[in-house]
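A look at the structure
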Amino acid sequence: MIQDLLIHTGDPKTGTSSIQSVLNAGAWRCSTSRLVPQRHLNNAPLANALKADADPAFVQAQFGELRDWFASRGGGTGVISTEFLARRDPHRLRGVLRDYFPGLPVRTISYVRPHASRAVSAYGQRLKTGTFDGSLPEFCRFISSVPTLYYAKRFPAWRQVFGSGMILRPFVRSELREGDAVSDFLYHALGTGDFELLPLDTVNEALSVAELSGLRLVQRVLRGQEVADHHRLALGGALQRKLSAAPGRSGEKPVLDQASASHLLTAFRTDAQALDSQFFGKPVLEEELLRSHGNAPPTQQDFSPESHFSLRQRTCLDKAATRIAALIQKMPKAWRQEYQVSVSQRDAKDIEDHSPAQRRNAKAVWESLDAITAVLAQPTTA
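I will try to describe carefully the structure that is included in this document. Bear in mind that the values here come from a model prediction, so they are computed numbers and not experimental data.

**What about the nonpolar core?**
- Leu5, Phe63, Phe70, Leu97, Leu275 and Trp335 are the most contacted members of the largest nonpolar core, which has 95 residues in total.
- Here this core takes eight residues from helix H11 (residues 258–280), the largest share from any one element.
- Counting residues in hydrophobic clusters, the runner-up holds 20 residues, among them Ala27, Ile109, Tyr111 and Ile167.

The following block contains the structure:
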């Protein structure tokens, strides 16, 4: 059985995909400390089991399976990782851990991304998954009206529950070990800098303005065809992974315009100062917020599909997305369960229906995603 437990809670958009990929692939070497990662790449179901209204049987299934997994792996530090824990109540997590891992020492580690950078990244994520379709200035006004980036109201609750076992690291290159989140995470997880990182393909690489504009069109079609949110989330994730692996990509990355940066500075400066004071002892987040404001250009970037893709390309994207919608509506589980296996969110043996018809349906969705990727990787403005 493991000797202690480390829980990586995110936050989202702080290198979580890279950290999880390294853990899942075992892409490090250390002769003095041993980590025992969770079974799957991203333990999102575990976070769902911590919802206030979660079925007790579901909680038992998730935490019981995790306990059995760690029990079968031998000694070392058990590692749980899912950024969706950032949305959960730390008191609830602590209580469930006491039930399933009584007496086991627990640490948590979280990364906090500077407000302005996180807002831009979250905007790209929302366009990719089709959960927001407005402009970047509109999104900045939205993000300042919800709790997400009010860090000084959220992270202290984790310290209250886990005390000195709660680690918070600024997602700022100059503050991270070797300027890298993966190296920083392993340093804290292993308790030593005496380790080696092994080569691994880049995952979840940031998308360009042009690519996001094309994804915006795709998601509009999917939303218009009433494709469910969880399918659109998976489709957006699959397209980002395919684009990350596509050769010859180019294009400018999203940045704040001056008006948006000014709004974020006004909205979040007090929060940045409070978190800096509580956790870092110096103005890390405040300086990043001021830097983003000082570097912001006066004009907005154009995220409209028409500005980056020809009529022929937009027609191709529309047709491919429409085909995907029809395929998923015909067999809702076929492609998504294959996608979940491909990103280690579930095991192939757990697929409920893998008939020839299901496989053909999933294959057709993958082919349409390939067609979309080919267009998105070569915008007319490239």
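**Some details on the packing of helix H13 (residues 311–330) against helix H15 (residues 356–376)**
- Across the interface, H13 lies against H15 with an axial gap of 9 Å and an inter-helix angle of 160 degrees. With respect to each other, H13 and H15 are oriented roughly antiparallel. The hand of the H13/H15 crossing is left-handed. In contact with Gln313, Cys316, Leu317, Ala320, Ala321, Arg323, Ile324, Leu327, Ile328 and Lys330 of H13, H15 contributes Asn361, Ala364, Val365, Glu367, Ser368, Leu369, Ile372, Val375 and Leu376.
- Residue composition of the contact of H13 with H15, by class: 13 nonpolar, three polar and three charged.

**A short note on the pairing of strand S1 (residues 4–8)**
- Across the five residues of S1, five count as buried, placing the element largely inside the fold.
- Every second residue of S1 is oriented toward a common face, with Asp4, Leu6 and His8 on one face and Leu5 and Ile7 on the other, all of them buried.
- Pairing geometry for S1 and strand S4 (residues 77–81), over five bridges, is parallel. Of the residues in S4, the one forming a bridge with aspartate 4 is threonine 77.
- Across four bridges, the pairing between S1 and strand S5 (residues 106–112) is parallel. Residue pairing in the sheet places leucine 5 in a bridge with valine 106 of S5.

**Here's the deal with H13**
- For H13, which comprises 20 residues, the first-to-last C-alpha distance of 29 Å matches the rise-based estimate of 28 Å (1.5 Å per residue) to within 8%.
- Among the residues of H13, Gln313, Leu317, Ala320, Ala321, Ile324, Ala325, Leu327 and Ile328 are the ones counted as buried. Looking down the long axis of H13, one finds its buried residues gathered within 165 degrees of arc, a one-sided arrangement. Those residues of H13 that are exposed and aimed more than 90 degrees away from the buried face are Leu311, Arg312, Lys319 and Lys330.
- Taken together, the buried residues of H13 touch helix H9 (209–224), helix H10 (229–245) and H15.

Scoring rules and cut-offs
- Once a new chain begins, its residue numbering starts again from 1 and follows that chain's sequence as written.
- Two thresholds apply to this predicted model, a pLDDT of at least 70 for residue-level local features and 80 or more for giving and counting side-chain atom pairs, whereas whole-chain, interface and lining totals are computed over all residues.
- Neither water nor hydrogens contribute to the side-chain values; these are computed over all heavy atoms in the structure.
- Nonpolar core, defined: a set of buried Ala, Val, Leu, Ile, Met, Phe, Trp, Tyr and Cys residues in which side-chain atoms within 4.5 Å join the residues together.
- Throughout, exposure labels follow a simple rule: accessible area from a 1.4 Å probe, protein chains only, divided by the maximum for the residue type, with under 20% read as buried, over 50% as exposed, and the rest as partly exposed.
- Going along the chain from the N terminus, every DSSP run of H or I of four or more residues is numbered as a helix, and every run of E of two or more is numbered as a strand.
- For every element, the axis is a line fit to its C-alpha atoms; helices are fit only across the contacting stretch, and the angle between N-to-C directions ranges from 0 to 180 degrees.
- In these notes the angle categories are as follows: under 35 degrees is roughly parallel, over 145 is roughly antiparallel, 65 to 115 is roughly perpendicular, and the rest is oblique.
- Note on convention: the crossing is left-handed when the near helix lies turned anticlockwise from the far helix by less than a right angle, right-handed when the turn is clockwise.
- Working rule for contacts: check all heavy atoms of both residues, and any pair within 4.5 Å makes them a contact.
- Amino acids are sorted into nonpolar (Ala, Val, Leu, Ile, Met, Phe, Trp, Tyr, Cys and Pro), charged (Asp, Glu, Lys and Arg) and polar (every other residue, Gly among them).
- Note: two strands are recorded as paired if DSSP finds a minimum of 2 bridges between them.
- A helix's residues, less one, multiplied by 1.5 Å, set its expected span.
- The arc in question is formed by the directions pointing from the helix axis toward the C-beta atoms.

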